[in-house]
Amino acid sequence: MSLVLRSLLRYWRFHRLQLALCLLGVALGVAVVVGVQLASQSALRGFELSVHALDRGAKQRVTGGPRGLDQRLWVRLFRHGLVPSAPRVEGWIQAGEHTLKLVGVAPLAEATLGGPGRPAGGGQLRALLTEPDTVLMTPATAAQLGIEPGRRFAAQARGTQYRLRLVGELPADAALSGVVLCDIGTAQRLLDMRGRLSAILFALPADRLSALRAMLPPEARLSTPNELLAAARALTGAFRLNLFALSLLALLVGGFLIFNTLRFAVLQRQGTVTRLRAVGVSRRMVLAALLAEAGLLGIVGGLAGSALGLGLAQGLLDLIARTINDLYFGLTVRRLYPGPALWLGGVGLAVAAAVLAALPPAWEAAGWPPRGAGEEAGLARQAVRRAPQFALLGVACMLAAGLLTLMAGLVPVFAGIFLFILGAALATPWLVGRVLDLLQRGRVGGLAGRLALAEARGGLDRMGVAAAALAVAVAAGLGVGLMVNSFRSTVADWLGQTLNGDLYVSADGGRALPPAFVRQVGALPGLDALHTGIRTRVDAAGGPVDVLAIGTPSGAHPAARLKSGQPDAWSRWQAGAVLISEPLSRRRHLAPGDTLRLRTAQGWRAFPIVGVYYDYNPGPGRVLMARAAYARYWRDDRVLTLGLYLRHGVTLQAMQERLRTLAARDGLALDVRSNRAILANALHTFDQTFAVTRALRLLVLLVAFAGVFSGLMALLLERSRVHATLRALGLTPAGVFGLLIGEAALIGLCAGLIALPLGAALAWALVELVNPRAFGWSLLLHFQAPLFGQTLLLALGGALLASLYPALRLARTPPARALRSA
């Protein structure tokens, strides 16, 4: 076995370019998978480490309702001996372009838990307790902000500017990166939470938990840090699965490149294999040797791809972390956390991809009889003859994919999509052959065109696989692009219907609007109607939900578009029933007529569901209720937002001036936006959210580009004698260059034409199957004609670009040298 493997591996010493292309296919595919996984896992791992670092020593966490906890609760629990415990106030501040997590602690109480807020030194403790606006942060965070100990820096909290002073440093722990620690009184003032707490941390034994639960108010929730982490993992699960599936597509395209290179290498070594068979090497040993060779290439390519994935992950981390920040929860840690399991997984994927790609040519080689070399052309024709069989196998894969998509869950849908793509790829060489046959019969392009067609048709056993890789990659770009554009159009239409107020007003930083100011706004001339609102997160059976409470004039209701509802939905809504968003309805399997249990200030209460409305906000799902009902059950009559509906003839500028006059009189900093401004900002955020998707589409295209380049280089090496003969017969270097360019153009055109229906089918699957199951959204699929044209041009341009170097090399090769070396 060792001798057989060594004889096969000698081939690569003299074909280093092919070796580089094969390793490139492995490395690029693995790099995308490892990079995406490492970036997404690091973002979540950073959140987990931050929670563990901040809650170090705590076993339980008590949180309150929308307004947090009354700080007198901690005093009462402390006096009853429920210790060790420590109060917390948490929020977010802005320092320049950096968003930082502000954590207010009671240092002496924190010492009983051993958390990061315990006194690190007498000077730091004295400064935190006695000096206003003093903070601590890690040396890395301070260096990032350009702040030295003892210096002040500008920060914004809840819309107000402050000058904070750095008086010491937290431990140099990466998990505390982006965290700013201060005294709890300072945090309450900065975050407008006087007398309130975000949480209370405990380290109680199990036998004391019943006493703790007995003393908690109805709106308080007792949980553990692990429950918080589990909720974060569940919340981002669908998002991370989507990224992983898209990264696997790059590996699939890379597999075509590996197959193409290895099959060419096997055919080039037909003489070696048949001689080995002639001296007694069994078919099984030939098969095992070729698969072992592929495994070795997979190991080398996997190691290179894992290293390349590390650099790729660093670039993707910011995109993924920003998306999680926009959609789910705040992140402060932005570093990578590579582990051996990820590297081993990357190498394992590389080996599996290489062995699977090598299996068909290795199986074919193992069946060669020991009768000598010289049958490469016959084997190539045999591969072309097998194209209809592979096409039938592809159709079977597509039918099986349809059955998989009927199963419940997200994983079967992605498995079905991949099986459908694989089926389309298997059918691509046959389809390309049919297109080329039609063009040949039509005598397109004169003599040069017929020669290019003959070249493309004769090299279909090589270029068919490259065309499949290009078609899959371009189709994936088209499908994802159609999905994103359809999503954007749907969201824009939805916002245009729901944001039917003329102006929307809130206090800077999300502070509550004073009741007197709200009454004055309601009395302004030129106002037709005024809606009040508050949005907060509350506990529900099955996990937290966002509650949007809207106050409307009598007989009016919010502009929510119902997907389904009871006939008297809006009147019952005014009386205290709720509407739930479509994502919440799908995730919790709720429908009109069911009830939703929410934790209120009076304890758990079941609210009747009277309707389901379309909603495209990220998060765990929304509940829409009347503000009067919310104030009654949560004892929270705050107003955070105002929606102003103007009378006919009143301009936005005039009303904005009246609002600014009122705000200046009361000393308020307002955020006043028109519905158009909100729509533009929302679409800008949407575009940022899908930046990571666009990056992955480009990476998949890069792998496909390498596949086409590999196929053309293989043809150059294989047909150097044919091209040299044409040169000897009078074909100019420019003619040879144009011949290969024309062949690449034909392959790119065929791949583009095949990609159009494949991309449309992929877009349908993403819109109709993936999005509803992953996020609960119903989207309206829009087929934009420009995207189809761009896809065709992209396939054609990619093939032409990949052909430039092989064509130039072929045109510059002297025919005598090519004839001697062939």
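Remember, predicted model here, so these are calculated numbers, not experimental data.

### Brief notes about the overall build of the protein chain
Secondary structure summary: the protein chain contains 28 helices and 21 strands in total. Within the protein chain, buried positions represent 53% of all 822 residues. By sequence separation, contacts in the protein chain at least 24 residues apart represent 81% of the contacts at least 6 residues apart. Of the roughly 34,500 Å² that the protein chain leaves accessible, carbon and sulfur atoms contribute 60%.

### As for helix α22 (residues 652-666)
Owing to its 3.6 residues per turn, the α-helix brings residues three or four apart onto one side. The first and last C-alpha atoms of α22 sit 21 Å apart over 15 residues, in line with the 21 Å expected at 1.5 Å per residue. Of the positions making up α22, those classed as buried are M655, Q656, L659, L662 and A663. In an axial view of α22, the angular spread of the buried residues amounts to 125°, which keeps them on one side of the axis. In α22, those exposed residues whose orientation departs by more than 90 degrees from the buried face are Q653, A664 and R665. Remark: G667 follows α22 within two positions and exhibits a positive phi of approximately 70°.

### Description of unusual backbone geometry
Note: most peptide bonds trans; most residues except glycine with negative phi. That bond from V83 to P84 is cis: its omega, 0°, falls within 30 degrees of zero. Considering the arrangement of structural elements, one finds P84 in the loop between α3 (71-79) and β3 (85-95). Its identity is not glycine, yet D192 carries a phi of approximately 55°, on the positive side. Secondary-structure assignment places D192 in the loop between α7 (184-190) and β9 (196-197).

### Notes on the environment of G759
Within the fold, G759 resides in helix α26 (residues 733-774). For G759, a relative accessible area of 0% corresponds to the buried category. As a C-alpha pair, G759 and G479 span 280 residues in sequence and 4.4 Å in three-dimensional space.

### Comments concerning the environment of L317
With respect to the secondary-structure elements, L317 resides in helix α11 (residues 283-327). Taking the C-alpha atoms as reference points, L317 and G35, 282 residues apart in sequence, are found 8.8 Å from one another.

### Some details on the pattern of salt bridges
Counted according to the given criterion, the structure contains 17 salt bridges. One salt bridge connects E110 with R88, and the closest N-O pair in it is separated by 2.6 Å. Separated by 22 residues along the polypeptide, E110 in helix α4 (residues 107-111) and R88 in strand β3 bring together distant segments of the chain. Its relative accessible area of 0% is what places E110 among the buried residues. For D671, the salt bridge identified is with R673, shortest N-O distance 3.3 Å. Take R673: its relative accessible area is 33%, and that puts it in the partly exposed class. In this structure, a network of salt bridges that share partners links the residues D55, R61, R88, E90 and E110.

### Focus: the confidence of the model for the protein chain
In the predicted model, the protein chain carries a mean pLDDT of 82, and 86% of its residues have values of at least 70. Low pLDDT, under 50, characterises residues 372-380; the stretch is placed with 16 contacts to residues that sit more than four places away or in other chains.

### Remarks on the packing of helix α1 (residues 2-13) against helix α10 (residues 270-278)
Where α1 contacts α10, the axes come no closer than 10 Å and their chain directions differ by 160°. One way to sum up the angle between α1 and α10 is to call them roughly antiparallel. Regarding α1 and α10, the two cross each other, and that crossing is right-handed. Contact residues: V4, S7 and L8 in α1; T272, V273 and L276 in α10. A class-by-class count of the residues in the contact of α1 with α10 yields 4 nonpolar, 2 polar and no charged.

### Some points on the nonpolar core
Grouped together as the largest cluster of nonpolar side chains are 50 residues, with contacts concentrated most on I258, L262, L290 and I320. Of all elements in the fold, only α1, α2 (16-54), α9 (225-268), α10, α11 and α12 (340-366) reach the threshold of two or more residues within this core. Of all the elements, α11 adds the most residues to this core, at 13 residues. When residues no more than four places from it in sequence are discounted, the contact partners of L262 are W12, C22, A294, L297, A354 and A358. The next biggest cluster of nonpolar side chains, apart from the first, holds 45 residues, and it includes L100, A142, V180 and L216.

### Description of the packing of aromatic side chains
Note on aromatic pairs: each is described by the distance of the centres and the angle between the planes. Per the stated rule, a full pass over the model turns up 9 aromatic pairs. Ring centres of F487 and W777 lie 4.9 Å apart, and the angle between their planes is 50°; this geometry places the pair in the tilted category. Of this pair, F487 sits in helix α17 (residues 460-498) while W777 is found in the loop between α26 and α27 (785-812), placing the two residues 290 residues apart along the sequence. F487 gets classed as buried once you look at its relative accessible area, which sits at 4%. Classification of W777 as buried rests on a relative accessible area of 8%. With a centroid separation of 5.6 Å and 80° between ring planes, the pair formed by W570 and W573 is classed as edge-to-face. Of the two residues, W570 and W573 are both situated in helix α19 (residues 569-574); the distance of 3 residues between them amounts to about one turn of the helix. One aromatic cluster in this structure is built from F487, W494, Y616 and W777. Directly above the ring of Y614 sits R561, whose terminal nitrogen or CZ lies 4.4 Å from the centroid.

### Here we look at the pairing of strand β13 (residues 527-538)
Where burial is concerned, most of β13 is hidden: 9 out of the 12 residues are buried. Pairing of β13 with strand β20 (residues 641-646), which is carried by 6 bridges, proceeds in the antiparallel orientation. Bridging across to β20, A529 finds its partner in Y645. Linkage of β13 to strand β14 (residues 545-551), two consecutive antiparallel strands, is achieved through a turn of 6 residues, within which G542 is found at a positive phi near 100°.

### Here's the deal with the packing of helix α18 (residues 515-522) against α22
Where α18 meets α22, the closest approach of the two axes is 11 Å, and the angle between their N-to-C directions is 155°. It follows that α18 is roughly antiparallel to α22 by the angle criterion. For the pair α18 and α22, the crossing hand works out as right-handed. In this structure, α18 uses F517, Q520 and V521 to contact α22, whose residues at the interface are L659, L662, A663 and D666. Across the contact of α18 with α22, the residue classes tally to 5 nonpolar, 1 polar and 1 charged.

### Concerning the environment of Q268
Summarising the element assignment, Q268 is placed in helix α9. Residue class for Q268 comes out partly exposed when judged on its relative accessible area of 27%. Here the alpha-carbon distance between Q268 and Y11, two residues 257 residues apart in the chain, equals 8.9 Å.

### Brief notes about helix α14 (residues 387-405)
Between the first and last C-alpha of α14 there are 27 Å, a value that for 19 residues agrees with the 27 Å anticipated at 1.5 Å per step. Regarding α14, the residues found buried are A387, A391, G394, C397, A401 and T405. All buried residues of α14 lie within an arc of 110° about the axis, which places them on one face of the element. Away from the buried face of α14 by more than 90 degrees, exposed residues Q389, L392, L399 and L403 are located.

### Some points on a nonpolar patch on the surface
A surface patch of nonpolar side chains, about 250 Å² in accessible area, is lined by L296, I299 and L303. Counting through the fold element by element, L296 comes out in helix α11.

Conventions adopted
- Residues numbered from 1 in each chain as written.
- Predicted model: local features only at pLDDT ≥ 70, side-chain atom pairs only at ≥ 80, totals over all residues.
- Heavy atoms only, no water.
- Helix = DSSP H or I, 4+ residues; strand = E, 2+ residues; numbered from the N terminus.
- Buried < 20%, exposed > 50% of the residue type's maximum accessible area, 1.4 Å probe, protein only.
- Contact = heavy atoms within 4.5 Å.
- Areas by Shrake-Rupley, 256 points an atom, 1.4 Å probe, with all protein chains shown as cover.
- Expected span 1.5 Å × (residues − 1).
- Arc of directions from axis to C-beta.
- Salt bridge = Lys/Arg side-chain N within 4 Å of Asp/Glu carboxyl O.
- pLDDT = per-residue confidence, 0-100.
- Axes fitted to C-alpha atoms, helices over the stretch in contact; angles between N-to-C directions.
- Parallel < 35°, antiparallel > 145°, perpendicular 65-115°, else oblique.
- Left-handed = near helix turned anticlockwise from the far one by under 90°.
- Nonpolar A, V, L, I, M, F, W, Y, C, P; charged D, E, K, R; others polar.
- Core = buried A, V, L, I, M, F, W, Y, C linked by side-chain atoms within 4.5 Å.
- Phe/Tyr/Trp six-rings, centres within 6.5 Å; stacked < 30°, edge-to-face > 60°.
- Lys NZ or Arg CZ within 6 Å of the ring centre and 35° of its normal.
- Pairing = 2+ DSSP bridges.
- Patch = residues over 30% accessible without salt bridge, like charges linked within 9 Å, V, L, I, M, F, W, Y side chains within 5 Å.

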